[in-house]
Amino acid sequence: MKLSQTVLGVTFANPTILASGIWGITAASWRAVARNGAGGVTTKSLWLKEHKGHPNPTIISTDHYTLNAVGVPDAGVEKARAEIGDYMKVPAEGPERSRRVPLIANIIADTVDHYGLIAEEIAKLKPDFLEVNISCPNVEDEFGRPFACSVGDASAVTKAVKAVSGKIPVFIKLSPNVDSIGAIALACAAAGADGFTVINTVGPGMAIDLKSRMPILANKVGGMSGPAIKPIAVRCIADVYRATEGRLPIIGTGGIMTGEDAIEFLLAGASLIGIGTGIAYRGASIFRLVCEEMEAWGKKEGVKTVGELVGGMHKAVRSM
Amino acid sequence: MKRETEHVTSFTFAVSLGARPGQFIMLWLPGVDEIPMSVALDDGKKLQVTFFAVGDMTKKLAELKKGDLVGLRGPFGTHYIWEKKQKLALVAGGYGAAPMYFSAKEAAKDGCSLEVFIGARSKEHLLYEKEFSKLPKTTLHIATDDGSKGFKGFNVQLLEKMLKEKKHSKKSPWVDQIFACGPERMLVSVSNLSSQEKIPAQLSLERYMKCGYGLCGNCVVDPSGMRLCTEGPVVTNDLARTITDFGICHRDALGRKHAL
């Protein structure tokens with residue numbers, strides 16, 4: 001099965017993408033993830049100005065789920081310029097070591113205006129896509145409900161980013177923690193979104209230590225990721241795909257561990273597959289493993305390209 | 001609980017996490033913080049850590065009483081590796097003596113002979129001196145910056161001097177491997193000596209860690225992007241010398257680079 005695909009003019013050697021928030025704080029990290037087989041990488045969320053995260057504990061994992069409230073720490077746009085500049089100066093072609101896979105720059109802000117400002121600064125660095133984080137559940141105490149929870153807010157942020165993004169495709173990263181993710185996606189599409197990343201973390205959730213009777217995370221609550229959230233991600237991808245009639249590409253992310261998980265996401269409507277928390281469960285080589293497992297499945301099923309699987313569930317349902 | 005020196009305290013817990021020498025754990029003080037700490041002993045029944053009360057969290061830890069509650073998770077990261085009956089030189093700077101003691105205790109069980117070089121500012125700051133001296137096939141060498149005990153100067157200088165005195169060569173090696181844990185400036189000296197004398201070395205590198213298991217990405221180093229919580233903290237000297245940040249800079253909680 002051919003794993004490569006071109007999405008909005010950008011060619012990915014395979015559909016696996018490093019999801020935002022995991023590992024990716026430096027150019028060297030993105031290259032390390034690419035060496036482990038990722039078809040693309042996403043930066044950790046970039047702020048215009050320095051933003052401090054939460055105190056520890058910030059992340060815990062069980063066999064079933066991971067809870068995190070790292071709090072989106074970042075040094076601000078100067079560091080983004082240095083790291084993205086370093087990454088983009090390497091030619092996309094070349095020896096394995098310095099291979100530059102497509103870069104998705106994830107941006108975040110506290111107000112609609114600031115989304116416009118950070119988008120304008122990051123767009124100058126020419127990443128392959130912009131991904132707009134309007135759905136982090138871990139900064140609610142600071143900024144209130146995420147922009148992804150209201151049609152009006154999500155639409156306003158999309159407009160502000162699209163006004164300054166030029167030719168760079170804009171993906172809006174949606175929250176699963178809403179009544180109708182389809183309605184939010186439609187509003188963003190009407191405001192000019194070029195694609196969606198589905199989903200951000202679920203919840204938030206809480207875990208309590210029995211002895212101290214305290215929440216384990218310093219932030220008390222945290223976004224849930226890992227294997228347990230996969231069915232929610234699949235349903236959300238399907239909702240967004242249906243609402244937008246499959247017109248806009250989706251980066252499906254949330255709980256992917258195996259190649260078969262990835263196939264399920266493609267069938268729900270995703271074109272690309274985000275992997276983040278899975279690194280804790282299967283190691284950095286998860287990208288290569290998932291690709292190998294997808295290929296093995298494709299061979300067994302006689303499927304020739306990844307592209308023909310996208311949205312396959314919807315076709316199957318219609319043909320019933 | 002044991003007060004080792006004015007600012008250094010050891011805790012012993014009645015649990016084992018199955019840690020190997022060089023690995024670390026995350027130690028949680030509910031309502032305060034959670035920080036990485038290297039393991040000073042894990043014998044299958046009890047686990048020990050030794051820390052320097054230097055920050056908010058470690059100062060609060062030092063004030064705890066027996067029976068107070070802390071959380072432990074781990075172990076994380078790589079550990080020191082030796083072969084049976086090897087001759088090992090252990091270089092311990094400051095509270096790096098704790099994981100070096102754990103290595104020595106375990107390696108002694110495998111019949112290794114040990115040359116231990118403890119270094120500190122002055123004799124009051126020497127750690128684990130008594131414990132090391134009780135180990136079999138172990139020779140203790142002490143260096144203090146002010147000369148208040150043992151050799152006056154750095155422990156790495158003393159190791160270099162001993163290698164000359166013992167006429168160490170590839171054909172008749174005085175030591176087969178060097179293990180080191182301590183301030184990064186000391187590790188750089190060990191690294192240089194290891195390369196110069198062609199003695200394999202394993203070094204424990206420290207970077208800002210939040211999660212401890214490879215997700216947060218805060219402990220990455222250039223140019224490989226490797227995470228020191230997962231592919232470290234113990235690395236071979238060959239690997240350490242590929243790290244351009246080694247001895248030069250580290251990243252803070254926001255990922256920004258600072259000189260060491």
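Counting from 1, residues in each chain are numbered in the order their sequence is written. Each chain takes a letter, starting from A, and each ligand takes a number, starting from 1, following the order in which they are written. In view of the model being predicted, local features appear only for residues whose pLDDT reaches at least 70, and side-chain atom pairs are presented and counted only at 80 or more, with totals across whole chains, interfaces and linings using the full set of residues.

## What about the nonpolar core?
Side chains of nonpolar character tend, in soluble globular proteins, to be buried together. Structurally, a nonpolar core is described as a collection of buried Ala, Val, Leu, Ile, Met, Phe, Trp, Tyr and Cys residues joined by way of C-beta atoms within 7 Å. Once C-beta atoms are placed from the backbone, each residue is buried if 20 or more other C-beta atoms lie within 10 Å of its own, exposed if 12 or fewer, and partly exposed for counts between those two. Core analysis: the largest hydrophobic core is formed by 184 residues, its most contacted members being Leu130(A), Ile237(A) and Leu90(B). When residues of this core are sorted by domain, at least three fall in each of domain 1 (2-76) and domain 2 (87-208 + 213-253) of chain B. Remark: residues whose backbone-derived C-beta atoms lie within 7 Å of one another are considered to be in contact. If we ignore the near neighbours within four places in the chain, the residues touching Ile237(A) are Val198(A), Ile250(A), Gly252(A), Phe265(A), Ala268(A), Gly269(A) and Ala270(A). Each domain span listed reflects an automatic or database assignment of domains.

## Here we look at the packing of helix H8 (residues 259-268) of chain A against helix H10 (residues 286-301) of chain A
All names here are of chain A. The N-to-C vectors of H8 and H10 enclose an angle of 70 degrees; their axes lie 7 Å apart at closest approach. Here H8 is positioned roughly perpendicular relative to H10, judged by the angle of their axes. As for the relative orientation of H8 and H10, their crossing is right-handed in sense. In contact with Gly259, Glu260, Ala262 and Ile263 of H8, H10 contributes Val290, Glu292, Glu293, Met294, Ala296 and Trp297. All amino acids are sorted into three groups, where Ala, Val, Leu, Ile, Met, Phe, Trp, Tyr, Cys and Pro are nonpolar, Asp, Glu, Lys and Arg are charged, and the leftover types, Gly among them, are polar. Across the contact of H8 with H10, the residue classes tally to six nonpolar, one polar and three charged. As a rule, the C-alpha atoms of each element are fitted with a line to give its axis, helices using only the stretch in contact, and angles between N-to-C directions run from 0 to 180 degrees. Secondary structure elements are defined from DSSP: runs of H or I of at least 4 residues count as helices, runs of E of at least 2 residues count as strands, and each element is numbered from the N terminus. Any angle between 65 and 115 degrees counts as roughly perpendicular, while under 35 counts as roughly parallel, over 145 as roughly antiparallel, and the rest as oblique. Left-handed describes a crossing in which the near helix is turned anticlockwise from the far one by less than a right angle; the clockwise case is right-handed.

## Regarding helix H5 (residues 184-197) of chain B
Helical periodicity: at 3.6 residues per turn, an α-helix aligns residues three or four positions apart in one direction. Residues and elements named next belong to chain B. Every helix has an expected span of 1.5 Å times one less than the residues it contains. Taking 1.5 Å of rise per residue, 14 residues should cover 20 Å, and H5 covers 20 Å from first to last C-alpha, within 8% of that figure. Buried residues in H5 make contact with strand E7 (87-93), helix H4 (155-165), strand E11 (177-181), strand E12 (201-204) and helix H6 (237-240). Positive backbone phi, approximately 55 degrees, marks Lys198, located one or two places after H5.

## A look at unusual backbone geometry
Geometrically, the link from Val198(A) to Ile199(A) is a cis peptide bond, its omega value of 20 degrees lying close to zero. With respect to the element layout, Ile199(A) can be found in the loop between strand E10 (195-198) and strand E11 (202-205). That bond from Asp222(B) to Pro223(B) is cis: its omega, 0 degrees, falls within 30 degrees of zero. Examined against the element boundaries, Pro223(B) turns out to sit in the loop between E12 and strand E13 (234-236).

## Focus: the interface of chain B and chain A
Across the contact, 27 residues belong to chain B and 29 residues belong to chain A. The element that contributes the greatest number of residues to the side of chain B that touches chain A is strand E4 (residues 33-42) of chain B, accounting for three residues.

## So, the sheet that holds strand E13 (residues 250-253) of chain A
All names here are of chain A. Whether two strands pair comes down to DSSP finding at least two bridges between them. Taking strand neighbours around the barrel as the criterion, the eight strands line up as E3-E4-E7-E8-E9-E10-E13-E14 in a closed arrangement whose pairing is parallel. Sheet twist, expressed as the mean angle between neighbouring strand axes with direction ignored, is 25 degrees. In terms of strand pairing, strand E7 (residues 103-107) meets strand E8 (residues 129-133) through four bridges, oriented parallel. Each residue of the ladder has a partner; that of Ala105, found in E8, is Leu130.

## Notes on the confidence of the model for chain B
Scored from 0 to 100, pLDDT records how confident the predictor is in each individual residue. Mean pLDDT over chain B stands at 95; residues scoring 70 or higher make up 100%. Across the assembled chains, the prediction reports ipTM 0.91 with pTM 0.94.

## As for the packing of helix H3 (residues 112-123) of chain A against helix H5 (residues 151-162) of chain A
Think of two packed helices as two axes; the pair is described by the angle between the axes and how far apart they sit. All names here are of chain A. Contact pair H3 / H5: the axes reach a minimum separation of 8 Å and the direction vectors enclose 30 degrees. On the basis of their axis angle, the class for H3 and H5 is roughly parallel. In this structure, H3 meets H5 at a crossing whose hand is right-handed. Along its contact with H3, which presents Val112, Asp113, Tyr115, Gly116 and Ala119, the element H5 presents Ala156, Val157, Ala160 and Val161. When its residues are assigned to classes, the contact of H3 with H5 shows seven nonpolar, one polar and one charged.

## A few points about H10(A)
All names here are of chain A. Compared with the 22 Å implied by 1.5 Å per residue over 16 residues, the 22 Å span of H10 between its first and last C-alpha is a close match. For H10, the full list of buried residues reads Ile286, Phe287, Val290, Cys291, Met294 and Gly298. Projected onto a plane normal to the axis of H10, the buried residues spread over an arc of 135 degrees and lie on a single side. Opposite the buried face of H10, at more than 90 degrees from it, the exposed residues are Lys299 and Lys300. Of the surrounding secondary structure, the elements contacted by the buried residues of H10 are strand E3 (16-18), H8, strand E14 (272-275) and helix H9 (278-282). Regarding the arc, it is the one traced by the directions from the helix axis to the C-beta atoms.

## Things to note about the environment of Gly166(A)
Inspection of the secondary structure puts Gly166(A) in the loop between H5 and strand E9 (170-174). Separated by 58 residues in the primary sequence, Gly166(A) and Ile108(A) have C-alpha atoms spaced 18 Å apart.

## A short note on the sheet that holds strand E5 (residues 47-52) of chain B
Residues and elements named next belong to chain B. Read from one edge of the open sheet, six strands run E1-E2-E5-E4-E3-E6, paired in antiparallel fashion. Strands at the two margins of the open sheet, each flanked by one partner only, are strand E1 (2-3) and strand E6 (71-76). One ladder, built from six bridges, connects strand E2 (residues 8-13) with E5; its direction is antiparallel. Residue pairing across strands places Thr9 opposite Phe51, the latter belonging to E5. Most of the contacts of helix H2 (residues 97-109) go to E4, to which it runs at about 30 degrees, and overall it touches E4 and E5.

## Comments concerning the domain arrangement of chain B
Residues and elements named next belong to chain B. Domain assignment breaks chain B into domain 1 (2-76) and domain 2 (87-208 + 213-253). Relative to domain 2, the C-alpha centre of domain 1 lies at a distance of 21 Å. Counting residues at the interface gives 15 residues for domain 1, matched by 16 residues for domain 2. Residue assignment for the side of domain 1 that touches domain 2 shows that the elements contributing at least two residues are E4 and E5. Residues that form the side of domain 1 that touches domain 2 fall into these classes: nine nonpolar, four polar and two charged.

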